[in-house]
Amino acid sequence: MEKKQLIPIYWLKSNLLLIIFFVFSQAIFGVDSDDLAVTFDKPAEIEVGGPYAGVEFHHSYMIPQRIGFFYPVANTIDFSTDNWTRDTSFVAEWFLKIGNGPRESLGREPAKIKLTPYSVEFFDNKPQYDFNVTYRFCYEKPAMVVTYEIVNRLKKNEVFEFDTRLFTSIRTSHSYRREDHAIIRNDSDGMTVYTNYPGGDTRFAQVFVTNAGERPLAIPLEKTGKPNTHFVYRRELQPGDVLRVIQIIGSANENEGPSIVDYLKENYEQEIAKYESSVLEEAIKASRFQTGDKQIDHSVVWAKAVMAANAHYMNGEIVPIPCPGTYNLFFTYDIVVSDRAAVKFDLNRVKYNLDYIIRHANRYNIIPHAYYWKDFAFRAEYSGHNNWNTEFDATILWFIQLAASYLRYSGDTEFIEKAYPFISAGLDQALSTKEDDNLMWSYRAGGDIGHNYGPRTHLTVVAIKSLRDYNYIATVLGKDPERVSGYAALADAMQVALVEKLWNADMAYLINYYNDGSLDEHYYTNSLLAARYGLLDVEKRNQLIKSAQDKLLDENLGLYCVFPMDLEQMGDVWKFIGSEAGPKYYYANGGIWAPGNAYYALALIANGERQLAAEFINRTMSLSGIMNGPNGQPAYYEYRTGNKEDPNEYGIIRKPQILWGATWYLDCLYNMYGVMENDWNVGLDPFLPDGQEKCRFTLCVNGQPLVVNIEGSGETIQSIKYDGQAVHSAIFPVDMPAVKEVEFILGVSKEPYLKSTNAILHRCEYEKKQLSISLGGYVSLKNETVVISPHKPTSVSLNDRTLSDGWITVKEETGYKTTIHFKHDTSNDKFVIKF
């Protein structure tokens, strides 16, 4: 079996430690596999998998609609004919015969499920028998393990005959060519069938099915015209006895199968334990987020388990992927937006992903937006304005934002120095669609559909943020001061253009235009990012949120991605290809997407409405909230159908267990509880929702994970302590001392503290009624610094120069809020505030 680096840095754990942890976790953290698992008895779309295989189910049927193999390359067993009807085909057929009774088809009706992000078990209880099927996955070997258990519920002995047939025609990655021609052989003892594919685009793969439980009957290989693997099991069962069939299903290079099969027959249980322990390690032990609310805490652990489980083998490495069953490629966009959450608690993961992206850049230092196997080779598609997805127009911009976030949380200038050429080249590439109006233009309607080139709010907003993030990176690295100055002016000009040209007073919203200059009268959720990034004044921010609430918000599910939902009627305008927009309330035509819900929650947080945000997050984004909503199920998702006119469709989930659904939830939680990241620093503006007394979570500061503890009540901070020592800044300095725990107690402030500043914070010290603050940036950087104090300041000086009242605003609220506006004189300025 070919190996390069099979496990990335963030997966490297001692197997011994993982097994110890699997046993030990119950006592320490109170969550194990059984605690994490959710039992569910309604029809659901399910995806679950491991590093080397994944499965997709619809309607809670036991038989999958799809099996994805990821080694040696991505090949798939899938007989669907289009995206909209992929729930109607099956990859196998099962039959049960009891005594002289009729042959009964199994697995094609909804069943009760017990689900985790890394396994699924189905239950079907009938008067004559119980039938349970479990899908679990291997850690280091390219296989999954399917266990079938049939329990005799008759009051007499009876012969049970179980018949399984797996259809083993495969589809190739991306070209999706179906390969029906194969060479099939079985081993000498009849326990294993090998199906070999001669096509180079399958990389000469082999699918194997072997038995590790009940021994199958000896049956001859069948010549049916299309490849399949057929086994029959027969045994007389006493009342309560179990027929247990264990099939190990996998894919390998043709010459590897027999040795892998021999190993797994003896070691499949250890393989499963290693994999599941590794997921629990990442979900529970590696970082913490504890609120005391059982539903939130369970949702957090589930989300982190999704992050650990959604990773596949690709060309010698295990890399994160969007979904465990339906995706067989690396999507840069999905990974960089998902790592917006991970950067707060798992820097190794983020560094690995950023490095993976730049390692696959082209000779011009342009990063890929996708990497996958297709037609005999691994290929990359590179980010640019002509990609098929608007989000990938923005891929480079989101990559820059993630790199800046990684630098803020890690202080890792060595790696960012390595990434800097890709950041610089990427920004030049991204700005190629900035037109003379200082707005970003795109062909897409707001996702991955359409072809009408015009100015777009979403891309303009993301570009403004990325320009300022680039300036932060360049300033910290001491690079390109003239470029920094030019980009600062450009970002300001684009912000002015955003408001002047894309704010529509009648709609009270940021909108788009078509190529001919006419108004696109649709409301899109991604406009809410402007509120998240602070690009609007308070009045317009309030209006933007109010319009989203009036036009886009469904209180039960979240926000429609677009309103009105009439894109199916606009093919001539958008040049849609067929029905790619989807019917009304589906996909891009009014589906309710996880990112849109996150944009709304983050807009509320930016607007100071954190209690409302907390309620929204819990209701629509947490695992428990999703389950309890209309047609809910245990799954972080890509989108839900918003058709409230049909109770059978309303809230149906598409693409369950998608990575970004989990990570947007985590990112919103971190923001809601007060993690505050602006263009220049990271800090805390702590908050506890109604009825909550405390919260503890892991946060990476200056490259080290520390535990943040929040207690108390109120909107201001009573005290801040690093390992028990009082400090006077809610912003973490870049020269942060090595500490293990940071404590924020809410209440009336007893001493002054720095609440916020849009500059690099070097130091903040309070002594003899004097608060001294050292800030870094570039010359002429516009700064707003806010200090909270129990007493009114008597004077404020900047670089030993006393500032006049025109520079300072003091408001008496709970104590005093002092706001100072200035431009940096140097790259290192010092405030002194006396009380």
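Everything numeric in this text was worked out from a predicted model, so none of it was measured.

## Let's talk about the overall build of the protein
Working step 1: Of regular secondary structure, the protein possesses 18 helices and 54 strands.
Working step 2: Taken over the C-alpha trace, the protein has a radius of gyration of 28 Å; the compact-globule value for 835 residues is 28 Å, and the two agree within 12%.
Working step 3: Taking the principal axes of the C-alpha coordinates as reference, the protein spans close to 95 × 60 × 50 Å.
Working step 4: Expressed as a percentage of the 835 residues in the protein, the buried residues total 63%.

## Examining the packing of helix H15 (residues 594-606) against helix H18 (residues 659-672)
Working step 1: Look at H15 against H18: their axes get within 9 Å of each other, and the N-to-C directions meet at 5°. Compared by their axis directions, H15 and H18 come out roughly parallel. Seen from H15, the contacting residues are Ala-594, Pro-595, Ala-598, Tyr-599, Ala-601, Leu-602 and Ile-605; seen from H18, they are Trp-660, Gly-661, Trp-664, Asp-667, Cys-668, Asn-671 and Met-672.
Working step 2: Among the residues making up the contact of H15 with H18, the classes are represented as eleven nonpolar, two polar and one charged.

## As for the pattern of salt bridges
Working step 1: Applying the stated criterion across every chain yields a total of 40 salt bridges.
Working step 2: Across the pair Lys-755 and Asp-685 runs a salt bridge whose closest N-O atoms are separated by 3.2 Å. With Lys-755 in strand E46 (residues 753-757) and Asp-685 in the loop between strand E40 (682-684) and strand E41 (694-701), this pair connects stretches of sequence that are 70 residues apart.
Working step 3: Note that Arg-763 and Asp-735 form a salt bridge whose closest N and O atoms lie 3.9 Å from each other. Placement of Arg-763 in strand E47 (residues 760-767) and of Asp-735 in the loop between strand E44 (725-727) and strand E45 (741-746) is noted, with a sequence separation of 28 residues between them.
Working step 4: Assessed through its relative accessible area of 41%, Arg-763 is described here as partly exposed.
Working step 5: The exposure class of Asp-735 is partly exposed, given its relative accessible area of 45%.
Working step 6: Connected through shared salt-bridge partners, Arg-408, Lys-465, Asp-469, Glu-677 and Asp-679 make up one network.

## Description of the nonpolar core
The nonpolar side chains of a soluble globular protein tend to be buried, and buried together.
Working step 1: In terms of nonpolar packing, the biggest core is built from 247 residues, with Trp-94, Phe-131, Phe-162, Trp-398, Ile-473, Tyr-665 and Phe-697 touching the most fellow members.
Working step 2: Residue contacts for Tyr-665: discarding those within four places in its chain leaves Ile-296, Ser-299, Val-300, Ala-303, Ile-617, Met-621, Ser-622 and Tyr-636.

## Focus on the confidence of the model for the protein
Working step 1: In the predicted model, the protein carries a mean pLDDT of 92, and 94% of its residues have values of at least 70.
Working step 2: Note that residues 2-31 has pLDDT below 50 and, in this model, 68 contacts with residues that lie over four places away or in other chains.
Working step 3: Across residues 388-392, confidence stays below pLDDT 50; counting only partners more than four residues off in sequence or on other chains, it has 28 contacts.

## Topic: the packing of helix H16 (residues 610-620) against H18
Working step 1: With their axes 10 Å apart at the nearest point, H16 and H18 run at an angle of 155° to one another. Classified by the interaxial angle, the pair formed by H16 and H18 is roughly antiparallel. The handedness of the crossing between H16 and H18 is left-handed. Within the contact between the two elements, H16 uses Arg-610, Ala-614 and Ile-617 and H18 uses Tyr-665, Cys-668, Leu-669, Asn-671 and Met-672.
Working step 2: Grouping the constituent residues of the contact of H16 with H18 by class yields six nonpolar, one polar and one charged.

## Some points on helix H13 (residues 538-551)
Working step 1: The terminal C-alpha atoms of H13 lie 20 Å apart, and with 14 residues this matches the ideal 20 Å at 1.5 Å per residue to within 8%.
Working step 2: Every buried residue of H13 is accounted for by Arg-541, Leu-544, Ile-545, Ser-547 and Ala-548. One side of H13 holds all its buried residues, which, seen down the axis, span an arc of 160°. Exposed positions of H13 whose direction lies more than 90 degrees from the buried face are Glu-539 and Asp-550.
Working step 3: With a side-chain oxygen lying 3.3 Å from the backbone nitrogen of Glu-539, the N-terminal cap of H13 falls on Asp-537.

## Digging into helix H4 (residues 294-309)
Working step 1: For H4, with 16 residues, the first-to-last C-alpha span of 22 Å sits near the 22 Å given by 1.5 Å per residue.
Working step 2: Of all 16 residues making up H4, 13 are buried, and the element is well covered by its neighbours.
Working step 3: Measuring from the backbone nitrogen of Gln-295 back to the side-chain oxygen at the start of H4 gives 2.9 Å, which picks out Asp-293 as the cap.

## Observations regarding the sheet that holds strand E24 (residues 368-374)
Each strand in a sheet pairs with another by means of backbone hydrogen bonds, the pair being arranged parallel or else antiparallel.
Working step 1: Taken in spatial order, the three strands of this open sheet run E23-E24-E25, and their pairing is antiparallel. Whereas interior strands pair on both sides, the edge strands pair on one side only; in this sheet they are strand E23 (330-331) and strand E25 (377-382).
Working step 2: With six bridges connecting them, E24 and E25 associate as antiparallel partners. If you follow Lys-374 over to E25, its bridge partner there is Ala-377.

## Some thoughts on the pairing of strand E17 (residues 205-211)
Working step 1: Of all seven residues making up E17, seven are buried, and the element is well covered by its neighbours.
Working step 2: Of the two faces of E17, the one holding Ala-205, Val-207, Val-209 and Asn-211 and the one holding Gln-206, Phe-208 and Thr-210 are both buried throughout.
Working step 3: Bridge count between strand E16 (residues 192-196) and E17: five bridges; the pairing is antiparallel. Residue pairing in the sheet places Tyr-194 in a bridge with Phe-208 of E17.
Working step 4: Of the strand pairs in this sheet, E17 and strand E19 (residues 242-253) are connected by seven bridges, and their pairing is antiparallel. Bridge pairing in E19 places Val-209 opposite Ile-249.

## Regarding the sheet that holds strand E54 (residues 828-834)
Working step 1: Strand order in the open sheet formed by five strands is E47-E48-E54-E50-E51, and the pairing between neighbours is antiparallel. Of all strands in the sheet, those bounded by a partner on one side alone are E47 and strand E51 (801-802).
Working step 2: With two bridges connecting them, strand E50 (residues 795-798) and E51 associate as antiparallel partners. When the bridges of E51 are listed, Leu-798 appears paired with Arg-801.

## Re the environment of His-791
Working step 1: Positionally, His-791 belongs in the loop between strand E49 (782-789) and E50.
Working step 2: The contact partners of His-791, leaving out residues within four places of it in the chain, are Tyr-816 and Phe-835.

## Thoughts on the pairing of E24
Working step 1: The element E24 is extensively covered by neighbouring structure, given that six of its seven residues are classed as buried.
Working step 2: Alignment of E23 against E24, held across two bridges, turns out to be antiparallel. Residue Phe-330 lies in a different strand from E24, and its bridge partner there is Tyr-371.

## Section: unusual backbone geometry
Working step 1: Put simply, Tyr-71 and Pro-72 share a cis peptide bond, and its omega is 0°.
Working step 2: Mapped onto the secondary structure, Pro-72 falls in the loop between strand E4 (66-69) and strand E5 (75-78).
Working step 3: For the peptide bond that leads from Phe-563 to Pro-564, omega is -5°, which places it in the cis range.
Working step 4: Structurally, Pro-564 is set in the loop between strand E35 (562-563) and helix H14 (571-574).
Working step 5: Positive phi, normally seen in glycine, also occurs at Asn-438, with a value near 65°.
Working step 6: Positive phi is not limited to glycine here, since Asn-702 has a value of about 55°.
Working step 7: Relative to the helices and strands, Asn-702 resides in the loop between E41 and strand E42 (704-712).

Calculation notes
Each chain carries its own residue numbering, running from 1 in the written order of its sequence. Per-residue local features are limited, in this predicted model, to residues with pLDDT of at least 70; the limit for side-chain atom pairs, both in listing and counting, is 80 or more; totals at the level of whole chains, interfaces and linings are taken over all residues. Side-chain numbers come from the whole structure's heavy atoms, not from hydrogens or water. By definition, any uninterrupted DSSP run of H or I lasting at least four residues is a helix, any uninterrupted run of E lasting at least two residues is a strand, and each is numbered from the N terminus. Within these notes, the globule rule equals 2.2 Å times the number of residues to the 0.38 power, and the radius of gyration is based on C-alpha atoms. Burial status follows relative accessibility: with a 1.4 Å probe on protein chains alone, a residue under 20% of its type maximum counts as buried, one over 50% as exposed, and anything between as partly exposed. To get an axis, a line is fitted to the C-alpha atoms, and for a helix only the part in contact is used. The angle between two axes follows their N-to-C directions and goes from 0 to 180 degrees. Roughly parallel means an angle under 35 degrees; roughly antiparallel means over 145; roughly perpendicular covers 65 to 115; every other angle is labelled oblique. Pairs of residues are marked as contacts when any of their non-hydrogen atoms sit within 4.5 Å. The nonpolar class holds Ala, Val, Leu, Ile, Met, Phe, Trp, Tyr, Cys and Pro. Asp, Glu, Lys and Arg form the charged class, and all remaining residues, Gly among them, are polar. Every case where a carboxyl oxygen of Asp or Glu lies within 4 Å of a side-chain nitrogen of Lys or Arg is listed as a salt bridge. Here, nonpolar core refers to any group of buried Ala, Val, Leu, Ile, Met, Phe, Trp, Tyr and Cys residues whose side-chain atoms link them within 4.5 Å. The predictor attaches a confidence to each residue, and that confidence, scored 0 to 100, is pLDDT. Helix crossings get a hand from a simple test, with the near helix turned counterclockwise from the far one by less than a right angle marking a left-handed crossing and a clockwise turn marking a right-handed one. Helix span is expected to be 1.5 Å times the residue number reduced by one. Taken from the helix axis, the directions to the C-beta atoms give the arc we talk about. In protein, a polar contact means a hydrogen-donor-capable atom and an acceptor-capable atom, both N or O and within 3.5 Å, with residues adjacent in sequence counting only if both atoms are side-chain atoms; elsewhere, any N or O pair within 3.5 Å suffices. Strands were regarded as paired on the criterion that DSSP finds at least two bridges between them.

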